[in-house]
Amino acid sequence: MVNNNLKKAERGVWISILAYVLLSAVKLIAGFIGNSNALRADGLNNLTDVIASVTVLVGLRFAQKPADENHKYGHTRAETIASLIAAIIMFIVGIQVIVDAFKNFTSPTESTPELFTAFVALFGAIFMYFVYRYNRKLSKKLESKALYAAAQDNRSDALVSIGAVIGIVGSYLGFVRLDSIVAAIVGLIICHTAWGIFKEAVHDLTDGFDAEKLKEIEEEIRNTPGVTLVKDLKARVSGNQTTVDAIIFVKSTLTIIEGHNITDKIEQRLRDTYNIERVHIHVEPN
């Protein structure tokens, strides 16, 4: 089930890679023909996004490897590492966009781009927005952190293209510094998005877990028939998998088989309610 979800997540990443390769080629060619620095920069940005998407793809592939002698829990955490690397690449791109915006603001170009380049950038923005919507929906369905990071990268690229549209139209109309202002805003948005992904990835890699969700899981276990007390409940995320460890207390008069049946019920409830496959329950007499 887990490997199947990771395999499906690969589909979204491949769509991103193909989209970036296509758009970078179109934008670079149109940018040179139409004398648009903004469109050429947008095309180069898409080329760097290919690297980020390939990183996510490698992470998803590695996460599908089965457990081995040195990785008894499997390799699913590679997916989180991939989203962390993708966030770092996004942050670098965001900083570069801000730096370039500052340079262009202080030394605006005198060249006027052809208006058709604005339509090319607009097409790229719309195209990447639909790729973002597809990958975002798929990432939530599969609970894939890496694909979610790729989707946020798709959205950032749509914003960069919108910034290119505004910059090209502004330059065409004589407002040469308008593109720099918009580019700086877009760069800040990219950095903000990258920081959110980075923070969540680090949180997962350090075995952090949402406190509210942990309370909900505890309530679900406590409400299981036969459980008298829940103690020392812990949970952590590895890729798109959640692992739950808990100590429960049951009546001391129960047999081993009856206690085992209670743990089976807990595992089934957590699987049905939260899609949690890894559940480790230790039973204590009360």
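Let us look at the structure shown here. Because the structure is a prediction, the values reported are computed rather than measured.

**Focus on a positive patch on the surface**
A cluster of like positive charges, contributed by K8, R11, R133, R136, K137, K140 and K141, occupies part of the molecular surface. Breaking the positive patch down by element, the ones donating at least two residues are α1 (2–33) and α4 (116–142). The greatest single-element share of the positive patch, amounting to 5 residues, is contributed by α4. As for its position among the elements, K137 is in helix α4.

**Some words on the sheet that holds strand β2 (residues 241–250)**
In spatial order, the strands read β1-β2-β3; together these 3 strands make up an open sheet with mixed pairing. Looking along the sheet, the strands with just one partner apiece sit at the ends: β1 (229–238) and β3 (278–285). Strand-to-strand twist of the sheet, defined as the mean angle between neighbouring strand axes without regard to direction, takes the value 10°. Across 8 bridges, the pairing between β2 and β3 is parallel. Across the sheet, I248 pairs through a bridge with V283, a residue of β3.

**Observations concerning unusual backbone geometry**
Of note in the backbone geometry, E143 takes a positive phi value of approximately 55° without being a glycine. Assignment of secondary structure puts E143 in the loop between α4 and α5 (145–173).

**A few points about the packing of aromatic side chains**
One pass over the structure, following the stated rule, counts 4 aromatic pairs. Relative to F130, the ring of Y129 has its centre 6.0 Å away and its plane inclined at 70°; by these criteria the two rings are edge-to-face. Centre to centre, the rings of Y129 and Y132 are 6.1 Å apart; their planes meet at 45°, and the pair counts as tilted. Note that Y129 and Y132 are positioned in helix α4 at a spacing of 3 residues, about one turn of the helix. A residue is classified by how much of its surface remains accessible, and Y132, at 9% relative accessible area, is buried. Following the ring pairs from residue to residue traces out a cluster consisting of Y129, F130 and Y132. The side chain of R40 reaches across the aromatic face of F32, ending 4.8 Å from its centre.

What counts, and at which threshold
- Residues numbered from 1 in each chain as written.
- Predicted model: local features only at pLDDT ≥ 70, side-chain atom pairs only at ≥ 80, totals over all residues.
- Heavy atoms only, no water.
- Patch = residues over 30% accessible without salt bridge, like charges linked within 9 Å, V, L, I, M, F, W, Y side chains within 5 Å.
- Areas by Shrake-Rupley, 256 points an atom, 1.4 Å probe, with all protein chains shown as cover.
- Salt bridge = Lys/Arg side-chain N within 4 Å of Asp/Glu carboxyl O.
- Lys, Arg positive; Asp, Glu negative; His and termini not counted.
- Charge placed at Lys NZ, Arg CZ, Asp CG, Glu CD.
- Helix = DSSP H or I, 4+ residues; strand = E, 2+ residues; numbered from the N terminus.
- Pairing = 2+ DSSP bridges.
- Axes fitted to C-alpha atoms, helices over the stretch in contact; angles between N-to-C directions.
- Phe/Tyr/Trp six-rings, centres within 6.5 Å; stacked < 30°, edge-to-face > 60°.
- Buried < 20%, exposed > 50% of the residue type's maximum accessible area, 1.4 Å probe, protein only.
- Lys NZ or Arg CZ within 6 Å of the ring centre and 35° of its normal.

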